[in-house]
Amino acid sequence: MITFSSLPELFQTIIPLVLFCESVLELGLFLYQILRSKKPLRSLPCTVSFVVLITMLFSVTQGDPDEGKDAFLLSAPWIVFVIAIVLAAIHFTVALPIEYRRRKNELSPFSIKEATDKLPMGICFADPDGRIILCNNRMRRLSFMMSGHELQITEDFDAALASPDRAVIVNGDCHILPDKTVWQFHKQNITVDRDDRWQQMTAHNVTELYNGNVRQAEINRELKDVNGKLQMMYERMADDIKEKESLDLKIHIHDTIGRSLLTIRDIIESSEDTDQKLKTLQQAITVLTSDRVTPKDTIDEVIQAAKELDVTVKINGYIPTDSTVEELTVAAAKECVTNCIKHANGSEVYIRITERNDIYNITITNNGTVPNEPIKEGSGLSSLRHSIETAGGEMQTAYMPRFALLITLPAKENYL
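Chemist: Got a sec to walk through the overall build of the protein chain? Specific residues and values, please.
Modeler: From N to C terminus, the protein chain includes eleven helices and eleven strands. Expressed as a percentage of the 416 residues in the protein chain, the buried residues total 33%. Restricting the contact set of the protein chain to residue pairs at least 6 apart, pairs at least 24 apart contribute 55%. Summed over its atoms, the accessible surface of the protein chain is roughly 26,700 Å², and 58% of this surface lies on carbon and sulfur atoms.

Put into C-alpha cells, the structure is as follows:
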C-alpha cells in the first residue's frame, strides 16, 4: 500500500493545504457555536474534527524520516488522509446549514437586535439604572434628529423631548422633524424578572394620520363656511317666501277688487243679465271675506271670468300646465283683462305664446284704445314684474302702435 511519504511532491503539498483549509473552517464553526450557543456539547463534533485535522497537519509538516523525527503518519497509507478530509468536509457541509437554520429559529442577542432594527418604529430599552441597553437603528436616527447625539441614558430621551432641536416643530404630542415626518414618542415602565423599574421608549410614525387630521380640519372649516352661507340663504329664502306669499295675496286682492269694480260698473251701465253679474260679484266678495286659501287660477278660468265681463280672450300657442310659466301667464292675463276694460275700453285680449330653446315669449295685446304715452306701471303691473323677475324672466311694456305686454320666461324657474 502506498504511504503518504511515497506520494509525489505535488500531492504531498496539496493534502496539507486541504487539511489546513478544513482546519480553519472547523475552527470558525467551533467558535461560532461557542459564541451563539449555551450548550458546550453542541460543539463537540467540531472539536474532534479540528483536533484530528490539526494533528494530521502537524504530523505531515513537521515529520521527517531522514532526520529521525516522528514519521508515524508519514508512513500511514495515503487513503487515511483522504478519508479524514472527506469526513471533515461532510461534517462541515452538514453542520453549517444546521447552524444557519438554528440561528434563524432560536432567540439570541444578535437575532433580537436584528429584529428590532427591522421594525418601522423606533424602540429602545433601559435598565433600572437608566442605562440604554438596546436601541434600534430607527430610534438612533431619530435621537440624532431630535438632539444631535445618540441616546445613552433615559435622561437624554427626556431632554430631547423637552428641548428638541430648533428644526423640530412640536404640535401637542407630535414632533415634526426636518424631513417632514411626524412622530409620537412614549415612555413606559415594563416588568423584567419581577422588577418593574425597566423602561421602554417607543416612537411611532403618525405622518399620514397627522396630515389626514390637518386636511380634515381644513375641510371642516370649509364646511363651516358653507353651512354659514347656506344658513344665510335659508334665512333669505324664508324672507323671499314670505314676500312672495304677501305679493300673491296683494295680486289676488287687486285682481278681485278690480273685477268687482268692473262688475259693479257694468251692472250700473247695463241691466242685461244682472243676476249672473250679481252672482259673480257675490263670489268676489266671498273670496275677500274668507280666510281660506284659494287655489291658483288656470288660463281656462281666466277666459271664463273675462267672458262674464264681456271680454273675449284669444290664445295662440301652448302653455305648459302646472308650471311657473302657466302661473305667471295667468297672472299677466288677469291683469291685462282688467286694464283692457278699465283703461282701454276693449272687448278682446290676445295672448300669443312661442317657445324656443326652453325660453317662452308671451305677448299680450288688446283691441282697445291705443295709449297716448308710455305705460305707467301701477301696483298690478309692478307686482307682476316683481314675480316675473324673481322667476328669472323679463317684462316690458309697449304703447305704439298699440298696447303690448312682452314677457320672457325660462322653462324652469331659477331658484338660486
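Chemist: Tell me about the sheet that holds strand β11 (residues 404-410), residues and numbers included.
Modeler: Read across the sheet, five strands follow the order β7-β8-β9-β11-β10 without closing on themselves; strand pairing throughout is mixed. Lying at the two open borders of the sheet, with one neighbouring strand each, are β7 (312-316) and β10 (394-398). Taken over all neighbouring pairs, the strand axes of this sheet differ in orientation by 15 degrees on average, direction set aside. Strand direction decides the pairing type here: β10 and β11, joined by five bridges, are antiparallel. Across the sheet, residue Glu394 finds its bridge partner in β11, namely Thr408. Strands β7, β8 (348-356), β9 (359-366) and β11 of the sheet are contacted by helix α10 (residues 324-344), whose axis makes an angle of about 15 degrees with β9. Each of β10 and β11 touches helix α11 (residues 379-390); the most contacted strand, β10, lies at about 145 degrees to it.

Chemist: Would you mind going over a nonpolar patch on the surface in detail, with residue names and values included?
Modeler: On the surface, a cluster of nonpolar side chains totalling about 830 Å² of accessible area is made up of Ile2, Trp78, Ile79, Val80, Ile83, Val86, Leu87, Ile90, Val94 and Ile98. In this structure Leu87 comes out as exposed when scored by relative accessible area, which is 54%.

Chemist: An account of the sheet that holds strand β6 (residues 195-205) is needed here, citing residue identities and associated values.
Modeler: If you trace the six strands from one edge of the open sheet to the other, you get β2-β1-β6-β5-β4-β3, paired in antiparallel fashion. Edge strands, defined here as strands with exactly one partner in the open sheet, are β2 (132-135) and β3 (169-171). Ignoring strand direction, the axes of neighbouring strands in this sheet form an average angle of 25 degrees. Of the pairings in the sheet, the one linking strand β4 (residues 174-176) to strand β5 (residues 182-192) comprises three bridges and is antiparallel in character. By the bridge assignment, His175 is partnered in β5 with Trp183. Set on the sheet, helix α5 (residues 137-147) makes contact with β1 (122-126), β2, β4, β5 and β6; between it and β5 the angle comes to about 125 degrees. Running over the sheet, helix α6 (residues 154-162) touches β1, β2, β4, β5 and β6 and is turned about 150 degrees from β5.

Chemist: Can you explain α5? Please cite residues and give values.
Modeler: Buried within α5 we find Met139, Leu142, Ser143 and Met146. Angular distribution of buried residues about the axis of α5 spans 105 degrees; they occupy a single face of the element. Looking at the buried side of α5, the elements it contacts are β1, β2, α6, β4, β5 and β6. In the segment just after α5, Gly148 is the residue with positive phi, at about 90 degrees.

Chemist: Quick one: what's the story with the packing of aromatic side chains, residue by residue and with numbers?
Modeler: The geometry of an aromatic ring pair is captured by two quantities: the separation of the ring centres and the angle between the planes. Throughout the structure, instances matching the rule amount to one aromatic pair. Ring geometry for Phe157 versus Phe185: centroids 6.2 Å apart, planes at 70 degrees, classification edge-to-face. Taken together, the residues Phe157 in helix α6 and Phe185 in strand β5 connect sequence positions 28 residues apart. For the pair shown, Phe157 and Phe185 are each scored as buried.

Chemist: Residue-level account of the pattern of salt bridges, with values.
Modeler: A complete count under the given rule lists ten salt bridges for this structure. Between Lys187 and Asp158 there is a salt bridge, with its nearest N and O atoms 3.0 Å apart. Of this pair, Lys187 sits in strand β5 while Asp158 sits in helix α6; the two residues are 29 residues apart in sequence, bridging distant segments of the chain. Taking the relative accessible area as the measure of exposure, Asp158 reaches 34% and is therefore partly exposed.

Chemist: With reference to specific residues and values, describe unusual backbone geometry.
Modeler: The phi angle of most residues is negative, glycine excepted, and most peptide bonds adopt the trans form. Of note, the bond from Met400 into Pro401 is cis; its omega dihedral lies within 30 degrees of zero at 0 degrees. With respect to the helices and strands, the residue Pro401 is situated in the loop between β10 and β11. At Arg194, a position not held by glycine, the phi torsion is positive, near 65 degrees. Relative to the elements of secondary structure, Arg194 occurs in the loop between β5 and β6. Classification of Arg194 as exposed rests on a relative accessible area of 83%. Phi at Asp358 is positive, roughly 65 degrees, even though this residue is not glycine.

Rules behind the numbers
- Residues numbered from 1 in each chain as written.
- Predicted model: local features only at pLDDT ≥ 70, side-chain atom pairs only at ≥ 80, totals over all residues.
- Heavy atoms only, no water.
- Helix = DSSP H or I, 4+ residues; strand = E, 2+ residues; numbered from the N terminus.
- Buried < 20%, exposed > 50% of the residue type's maximum accessible area, 1.4 Å probe, protein only.
- Contact = heavy atoms within 4.5 Å.
- Areas by Shrake-Rupley, 256 points an atom, 1.4 Å probe, with all protein chains shown as cover.
- Pairing = 2+ DSSP bridges.
- Axes fitted to C-alpha atoms, helices over the stretch in contact; angles between N-to-C directions.
- Patch = residues over 30% accessible without salt bridge, like charges linked within 9 Å, V, L, I, M, F, W, Y side chains within 5 Å.
- Salt bridge = Lys/Arg side-chain N within 4 Å of Asp/Glu carboxyl O.
- Arc of directions from axis to C-beta.
- Phe/Tyr/Trp six-rings, centres within 6.5 Å; stacked < 30°, edge-to-face > 60°.

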